[in-house]
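# Coordinates in review
For reference, the chains in residue letters:
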Amino acid sequence: MPTSQYSSLKTNHHTKNTTKDDHNNNHQCSIIPLDFKSVSKLPESHTWELTHPNPLSTSESESIPVINLSDPKAISLMRHACENWGIFHVTHHGVPSNLLREVENQSRRLFSLPSDQKLLAIRSLDSLSGYGLPRMSTFFPKRMWSEGFTIIESPLEHTRKLWPHDHHQRDHFCNVMESCQKEMNRLAEHIMGLMFGSLGLTQQDTKNIKPKYGCQNSNGPLQLNSYPVCPDPTKAMGLAAHTDSSLLTLLLQSSTGLQVQKEGIGWVPVHAVEGALVINVGDLMQILSNGRFKSVLHRAVVNKTHHRISTAYFYGPPKDVKIEPLIQLSSPFPLYRPTTWKEYLGIKANHFNKALELIRSDITKAQ
Ligand SMILES: O=C(O)CCC(=O)C(=O)O
Ligand SMILES: [Fe+2]
């Protein structure tokens, strides 16, 4: 739900940089990922003008914070990380490592299926779940070097298509992903509590707000991302720069590839830390914290040697709950007008990275 996450392919007509004819001609191609195994040279369609030289090597003070959740200082470290980076790693998070390993194994299994089999579970134009291109693809003239599988609530419908005769594989895949959703949801709730505490809210305040903002169901959206080995990574883009629309995103990455934009520095790599999960602040958390916590601009780059897999869990409130800057943090005034996740996703689907700016409250825009 993230930019990505819920912006729908139905929004083709809002695409910048591509013409309507291109769209009509390539209507099918526009939703079908490349059969990456079949190409040995980067196709023109996937060649980006930008070259992204390796990001600056980061010194200790410029690297993404790693927070041990059992550390008594975790709350203050989190506040610092959310205010300065919008992203951090967590260790001692309680999600079983064998589950995380199995999530990656099962993802690899899915993405290594032959292309025509994966296409049986293609995300349709009016749907959010299934196999397909990154949803933000419609905003770019060039294709990204990645494919995804989006699970909304349950993966069952699509896994029936992927493995019609292999019940065992299908059940195992579903069990693993559903356990992952539950564990990620539990961890996200815990981290939200710590974040509220770090904003100076009392335990009573937190008790009152948490049920309102937390996902009511424990099976929030899960996005499996696959970045195949790329013949020319310097001219390709795994996932273009975006912010997530969620409150928080919890990410498992099999290897380094995620980068975040840091003011005054540029793109900083988020190195894969053994056993850790990456937590990033999403747009709704920026709204809720009245701009104190930053929704971090991030992207994924690709490489020549290994197939990278990432799994993102998008944690957000029930779709119709009003999200607005918390009253305690709104002095002297709220920076954003109230919105719901549902409304916000609609704005994001049309305006992509400008969405947050569009819901700044009139009072601040006028200044
Ligand atoms: O693959 C990654 O590291 C980033 C994934 C991501 O940003 C997303 O799915 O929204
Ligand atoms: Fe993201």
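Above this text sits the structure in question.
Just so it is clear, the structure is predicted and the values come from calculations on it, not from any experiment.

All right, on to helix H7 (residues 167–198) then. With 32 residues, H7 extends 46 Å between its outermost C-alpha atoms, agreeing within 8% with the 46 Å of an ideal straight helix rising 1.5 Å per residue. One or two residues past the end of H7 sits glycine 200, with phi positive at roughly 90°.

A complete count under the given rule lists 11 salt bridges for this structure. One salt bridge in this structure joins glutamate 44 and lysine 142, with 3.2 Å as the shortest N-O distance. Of this pair, glutamate 44 sits in the loop between helix H2 (20–25) and strand S1 (66–68) while lysine 142 sits in the loop between strand S3 (130–132) and strand S4 (147–151); the two residues are 98 residues apart in sequence, bridging distant segments of the chain. Residue classification places glutamate 44 among the exposed positions, given a relative accessible area of 59%. On the basis of relative accessible area, lysine 142 is assigned to the partly exposed category, the value being 21%.

Further remarks concern the packing of helix H3 (residues 74–84) against H7. At their nearest, the axes of H3 and H7 sit 9 Å apart, and the two run at 85° to each other. Taken together, H3 and H7 sit at an angle that is classed as roughly perpendicular. Every residue of H7 that contacts H3 at Ile75, Met78, Arg79 and Cys82 is listed here: Ile191, Leu194, Met195, Gly197 and Ser198. Residues belonging to the contact of H3 with H7 are distributed by class as follows: six nonpolar, two polar and one charged.

This part takes up the coordination of the iron ion (ligand 2). Tetrahedral coordination by four donors places them ideally at 109.5 degrees to one another around the metal; octahedral coordination by six donors ideally gives 90 or 180 degrees. In this structure, His242 (NE2), Asp244 (OD) and His298 (NE2) serve as the protein donors to the iron ion (ligand 2), at separations of 2.1 to 2.2 Å. The sequence pattern describing where the donors of the iron ion (ligand 2) fall on their chain is H-x1-D-x53-H. For histidine 242, a relative accessible area of 3% puts it in the buried group. Here aspartate 244 falls in the buried class, since its relative accessible area comes to 3%.

With that settled, the discussion passes to the site of ligand 1. Around ligand 1 lies a shell of 16 residues, among which Asn225, Tyr227, His298, Arg308 and Ser310 are the nearest. In the model, an oxygen atom of ligand 1 is placed 2.6 Å from a nitrogen or oxygen of the tyrosine 227 side chain. Elements with a contribution of two residues or more to the shell around ligand 1: helix H1 (3–6), strand S5 (222–227), strand S6 (239–242), strand S11 (298–300) and strand S12 (308–315). Looking at the shell around ligand 1, the element that brings in the most residues is S12, giving four residues. For the shell around ligand 1, the per-class residue count stands at seven nonpolar, seven polar and two charged.

One key point about sheets: their strands pair by backbone hydrogen bonds, in either a parallel or an antiparallel sense. Judged by pairing direction, the sheet is antiparallel, and its four strands sit side by side in the order S6-S11-S8-S9 without closing on themselves. Strand pairing shows two members of the sheet lacking a second neighbour, S6 and strand S9 (266–269), which therefore form its edges. Each strand of the sheet is rotated relative to its neighbour by a mean of 25°, with strand direction disregarded. Here strand S8 (residues 258–262) pairs with S11 via three bridges, running antiparallel. Looking across to S11, one finds that leucine 258 is bridged to alanine 300.

Thresholds, definitions, all that
Residues numbered from 1 in each chain as written. Chains lettered and ligands numbered in written order. Predicted model: local features only at pLDDT ≥ 70, side-chain atom pairs only at ≥ 80, totals over all residues. Heavy atoms only, no water. Helix = DSSP H or I, 4+ residues; strand = E, 2+ residues; numbered from the N terminus. Expected span 1.5 Å × (residues − 1). Salt bridge = Lys/Arg side-chain N within 4 Å of Asp/Glu carboxyl O. Buried < 20%, exposed > 50% of the residue type's maximum accessible area, 1.4 Å probe, protein only. Axes fitted to C-alpha atoms, helices over the stretch in contact; angles between N-to-C directions. Parallel < 35°, antiparallel > 145°, perpendicular 65-115°, else oblique. Contact = heavy atoms within 4.5 Å. Nonpolar A, V, L, I, M, F, W, Y, C, P; charged D, E, K, R; others polar. Donors = N, O, S within 2.8 Å, 3.2 Å for Na, K, Ca; no water. Near = heavy atom within 4 Å. Polar contact = N/O pair within 3.5 Å; in protein donor to acceptor, adjacent residues only side chain to side chain. Pairing = 2+ DSSP bridges.

Keep in mind that these numbers describe shape and distance, not what the molecule does.
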